[in-house]
Amino acid sequence: MADPESEKQDFRLELAQQVFLYRSTDIAGLDKAQLQEQILQTIFSKGLAPYYEHICGELGWELQQSKLQEMQVSNAKQLEDLAAKIKDAEENLGETEVRDALHARATFLGDTGDCEAAAAAYKETEDKTASGASKADMVFAQIRLAILYQDWHCVKRLLLRAKTICEAGGDWEHKNKLKVYEGVAAMYSRDFKRAAELLLDSIATFTTSELFSYTSCVSYAVASSLISLDRVSLKARVVDSPEIRSVIGRVPALEACLNALYDCAYREFFRALLGVIDVIRGDMYTHPHVRYYMREVRLVAYNQFLESYKSVTLDSMATAFDVGLPFLDTEVADFICAGRISAKIDKVAGILETKRPDAKNALYLETIKRGDLLLNRVQKLSRVIDVD
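Residues numbered from 1 in each chain as written. Predicted model: local features only at pLDDT ≥ 70, side-chain atom pairs only at ≥ 80, totals over all residues. Heavy atoms only, no water.

### Side note on empty space enclosed by the protein
So, step 1. With the rule as written, the count across this model stands at two cavities of 30 Å³ or more.
So, step 2. Volume-wise, the largest cavity comes out at about 40 Å³.
So, step 3. Residue lining of the largest cavity: I143, I147, W152, V155, Y181, V184, A185 and L211, and that is the complete set.
So, step 4. Elements represented by at least two residues in the lining of the largest cavity include exactly α7 (132–148), α8 (152–169) and α9 (172–188).
So, step 5. For the lining of the largest cavity, the element with the most residues is α9, which contributes three residues.
So, step 6. A per-class count over the lining of the largest cavity returns eight nonpolar, no polar and no charged.
So, step 7. By volume, the second largest cavity amounts to about 30 Å³.
So, step 8. Looking at the lining of the second largest cavity element by element, the count peaks at three residues for helix α11 (residues 214–226).
So, step 9. Here the lining of the second largest cavity is composed, by residue class, of five nonpolar, two polar and no charged. (1 Å grid on protein atoms, 1.4 Å probe; cavity = no way out; pocket = protein on both sides within 12 Å on 5 of 7 lines; lining within 4 Å. Points joined across faces, edges and corners; volume = space filled by probe spheres on them. Helix = DSSP H or I, 4+ residues; strand = E, 2+ residues; numbered from the N terminus. Nonpolar A, V, L, I, M, F, W, Y, C, P; charged D, E, K, R; others polar.)

### Here we look at the pairing of strand β3 (residues 351–354)
So, step 1. Only one face of β3 is buried: it carries L352 and T354, and the other face, with I351 and E353, is open.
So, step 2. Hairpin connection of strand β2 (residues 343–346) to β3: four residues between the antiparallel strands, including G350 at a positive phi of 70 degrees. (Buried < 20%, exposed > 50% of the residue type's maximum accessible area, 1.4 Å probe, protein only. Pairing = 2+ DSSP bridges.)

### Some words on the nonpolar core
So, step 1. Of all hydrophobic cores here, the largest spans 113 residues; its most connected members are Y285 and Y293.
So, step 2. Residue contributions to this core peak at 10 residues, all from α7.
So, step 3. Apart from residues no more than four positions distant in its own chain, Y293 is found in contact with F192, A223, L226, I227, V276, I277 and I280.
So, step 4. Counting residues in each nonpolar core, the second largest holds five residues, with I86, A89, A101 and L102 among its members. (Core = buried A, V, L, I, M, F, W, Y, C linked by side-chain atoms within 4.5 Å. Contact = heavy atoms within 4.5 Å.)

### So, the pairing of β2
So, step 1. Summarising the sheet, β2 and β3 pair through four bridges and their orientation is antiparallel. Bridge pairing in β3 links I345 to L352.

### As for the sheet that holds β3
So, step 1. Ordered by their spatial adjacency, three strands build an open sheet running β1-β3-β2, and the pairing between neighbours is antiparallel. The sheet is open, and its two borders are formed by β1 (311–313) and β2, each paired with just one other strand. Sheet twist, expressed as the average angle between the axes of neighbouring strands with direction ignored, equals 20 degrees.
So, step 2. Examined bridge by bridge, β1 and β3 share three bridges and lie antiparallel to one another. What sits directly across from V312, in β3, is L352.
So, step 3. Helix α18 (residues 325–337) contacts β2 and β3 of the sheet and is inclined by roughly 140 degrees relative to β2. (Axes fitted to C-alpha atoms, helices over the stretch in contact; angles between N-to-C directions.)

Below is the structure:
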């Protein structure tokens, strides 16, 4: 397999991240003027005329008509050249050359940010394409264009199309790529459990550098796993994974957070968590879920801590986590009320008493419940069917 870091990320996704940072109001230390300059430089150098109009309207920037016209004229000239190559291929060459020329036009339209024209061009190219791998690549390219515009409804629709193609005739590489794309969509949709499963499965054979780097893939997988895997699975699939251990050191806060959680070093875990939250807040895929992630990862730590105790004083628990007693009292009480922690607080004695769920009793009650449900359905059915 080729070096997973050797391919460069799609410039449109780099641009999308820069636009996200420019929009952000809760990330400290950003130079908005420099970001705007970088964004415009990319737009002008790549000829992203449609996106330029879109982003100026969305962010309230002054639209430079001269620059827009310059890009539009240049793009029109290149489209004329591409149309001439398509015509020449149709008249003088074979089906393969026609397909290549059509694909070149679709790629150009996608690279210049023209969503509607690119979609139509890719559709025309796909109709003349037999290879499932090539079809999947075209859908993946459209997904990256949709991410640039933050059109996640379109992303999900295209993912269904890509899945159909891969199931019909995709090779292992494109099926693995699909897992990464689906993992990103799951992560953005706050389905961290599914994101962890998909990203962990794809790490060993990662080839999706056009989406993000291998280090980023590992970071997303580890961050998702922290709040979705149990301790045994975390050990087997993350802590002991050679692929993860080889690169997680590039994200020191995440490495420290993972190791501290597994080693039950809760004081160090909470300190490292601050750095992880900064990483999550600064990423366009995970930023919408910062507050949710903070609560969920703390809940994991609280439940893991309480596994070792039948009862524990709130003072000792606050000391273990290096947090204030009022904060811990309030947060644990909220989790208990929500049914996320099986415990009760003795406020007078300052003790938290855990309530271990009885697995056999729970299974018995669940069986009775399902049996009652089945009997009710049989009774309803007997009313409409003549059992005689």
